[in-house]
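Residues per chain, in single letters:
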Amino acid sequence: MSKVYAVILAGGKGLRLGDEIPKQFLLLNDMPVIAWSMEKFDSIKEIDHIIIVSSESEMEKTGYIAKDYIKNKPVDIIKGGSTRQESSYNAVSYRKFKEEDIILLHDAARPFVSKELIISCINKVKHFNGSALYVSAIDTIAVIENENVISIPSRENLYYTQTPQAFKYHVIKKSHENAVLKNITNFSDDVSMVIKTGFKVKKVDGSYDNIKITTKTDYETAKVIARKFLQGQAF
Ligand code: CTP
Ligand code: MG
């Protein structure tokens, strides 16, 4: 029987947000940002095992939070790398997996992913090599080179990328190996690496609530969303 592993990527430093504390440990309704995802994955019966990727210096703290918020599943806390890609690679290579196991990768910096979205990703990847959450782009996006506006791609085909992103183990493993072989170290998400290797990935409809906290403004927005959740009225 294949298993479903949920990986929470929390090995980053939050440099763009610029706080002393990495953003995954900032509080939302008195709960660390990372704890929101921990609780969510812990509550989903389709998930067998949770893997948390942390920087070496934050492993102890991450372990304490995991003890408080993950009550139902086995948890492993493993060391991250210097890039998101390397942290993802560490997660898929620290133990033995079966070829058909499902690996979900989620940013710790996305606290508001819902149970329904996670389950949709799992259901989709069962029939394909990969699945991931997307929402239609709202902003008009420009391609600029040397301060020259080159083009404005039609918004029709543009989407914002979210997590989780889910893959069969053999797909994500092969894609990481391919990236190493080609010396590419800066994929900012797993889907870009997987499609570069030649696999197809299916879109699952994400949600505009499922924001990634990147800047201070995002953190302020997240506090507003968290308050709404507390009052039982998410957007
Ligand atoms: N991440 C990781 N290992 C890294 C870098 C990032 O596990 N070496 C994780 C982050 O903790 C985050 C997710 O990948 O949950 C998305 O990355 P990002 O938003 O870029 O977070 P940071 O790298 O922490 O932020 P910044 O780029 O501003 O420093
Ligand atoms: Mg980063």
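In the block above lies the structure referred to throughout.
Residues numbered from 1 in each chain as written. Chains lettered and ligands numbered in written order. Predicted model: local features only at pLDDT ≥ 70, side-chain atom pairs only at ≥ 80, totals over all residues. Heavy atoms only, no water.

### Focus: the sheet that holds strand S6 (residues 102-107)
Argument step 1. Spatially, seven strands are ordered S5-S4-S1-S6-S10-S7-S11 in an open sheet, and the strand pairing comes out mixed. Both outer strands of the open sheet, strand S5 (75-79) and strand S11 (201-205), are each paired with one neighbouring strand and no more. With strand direction ignored, the average angle separating the axes of adjacent strands in the sheet is 25 degrees.
Argument step 2. Note: strand S7 (residues 130-136) against strand S10 (residues 159-168), six bridges, orientation antiparallel. Bridge pairing links glycine 130 to phenylalanine 167 in S10. (Pairing = 2+ DSSP bridges. Helix = DSSP H or I, 4+ residues; strand = E, 2+ residues; numbered from the N terminus. Axes fitted to C-alpha atoms, helices over the stretch in contact; angles between N-to-C directions.)

### Digging into the pattern of salt bridges
Opposite charge on two side chains lets them pair, provided their charged atoms get close.
Argument step 1. Under the counting rule described, the total for this entry stands at eight salt bridges.
Argument step 2. The closest approach of N and O atoms between aspartate 107 and arginine 84, which form a salt bridge, is 3.0 Å. One end of the pair, aspartate 107, is in strand S6; the other, arginine 84, is in helix H3 (residues 84-93), with 23 residues separating them in the sequence.
Argument step 3. Classification of arginine 84 as partly exposed rests on a relative accessible area of 22%.
Argument step 4. Of the charged contacts, one joins glutamate 220 and lysine 223 as a salt bridge, the two residues approaching to 3.3 Å between their closest N and O atoms. Of this pair, glutamate 220 and lysine 223 both sit in helix H7 (residues 216-230), three residues apart, roughly one helical turn.
Argument step 5. Its relative accessible area of 29% is what places lysine 223 among the partly exposed residues.
Argument step 6. Here the salt bridges share partners, and the residues they tie into one network are Arg84, Asp107, Arg110 and Asp190. (Salt bridge = Lys/Arg side-chain N within 4 Å of Asp/Glu carboxyl O. Buried < 20%, exposed > 50% of the residue type's maximum accessible area, 1.4 Å probe, protein only.)

### As for the pairing of strand S4 (residues 49-54)
Argument step 1. Most of S4 sits out of view: six of its six residues are buried.
Argument step 2. As paired strands, strand S1 (residues 4-10) and S4 are joined by six bridges and run parallel to one another. Along S4, the bridge assignment pairs tyrosine 5 with histidine 49.
Argument step 3. Relative to S5, S4 is paired through five bridges, and the arrangement is parallel. Looking at S5, one finds that serine 54 is bridged to lysine 79.

### Quick word on the site of ligand 1
Argument step 1. As a structural note, the neighbourhood of ligand 1 is formed by 18 residues, with Gly11, Leu15, Arg16, Ser87 and Lys212 the closest of them.
Argument step 2. Within the backbone of leucine 9, an N or O atom sits 2.8 Å from an oxygen atom of ligand 1.
Argument step 3. The backbone of glycine 11 places a nitrogen or oxygen atom 2.8 Å from an oxygen atom of ligand 1.
Argument step 4. In isolation ligand 1 exposes 560 Å². Once the protein is present, 88% of that is buried.
Argument step 5. Here the shell around ligand 1 is built from residues that sort into five nonpolar, seven polar and six charged. (Near = heavy atom within 4 Å. Polar contact = N/O pair within 3.5 Å; in protein donor to acceptor, adjacent residues only side chain to side chain. Areas by Shrake-Rupley, 256 points an atom, 1.4 Å probe, with all protein chains shown as cover. Nonpolar A, V, L, I, M, F, W, Y, C, P; charged D, E, K, R; others polar.)

### Thoughts on the packing of aromatic side chains
Each aromatic ring pair is summarised here by two numbers: the centre-to-centre distance and the angle between the ring planes.
Argument step 1. Under the criterion given, the structure shown has six aromatic pairs.
Argument step 2. Judged by centre distance (4.7 Å) and plane angle (85 degrees), the ring pair of tyrosine 5 and phenylalanine 97 falls under edge-to-face. Placement of the pair is tyrosine 5 in strand S1 and phenylalanine 97 in the loop between H3 and S6, with a sequence separation of 92 residues. Taken individually, tyrosine 5 and phenylalanine 97 each receive the classification buried, so the pair is uniform in this respect.
Argument step 3. Aromatic pair phenylalanine 97 and tyrosine 169: ring centres 5.1 Å apart, planes at 35 degrees, arrangement tilted. Here the residue phenylalanine 97 occupies a position in the loop between H3 and S6, and tyrosine 169 occupies one in helix H5 (residues 169-181), the gap between them amounting to 72 residues. Accessibility classification places phenylalanine 97 together with tyrosine 169 in one group, the buried group.
Argument step 4. Aromatic ring contacts, followed pair by pair, group Tyr5, Tyr94, Phe97 and Tyr169 into a single cluster.
Argument step 5. One Lys or Arg, lysine 61, reaches over the ring of phenylalanine 25 and ends 4.3 Å from the middle of that ring.
Argument step 6. Against the face of phenylalanine 97 rests arginine 95, its NZ or CZ located 5.6 Å from the ring centre. (Phe/Tyr/Trp six-rings, centres within 6.5 Å; stacked < 30°, edge-to-face > 60°. Lys NZ or Arg CZ within 6 Å of the ring centre and 35° of its normal.)

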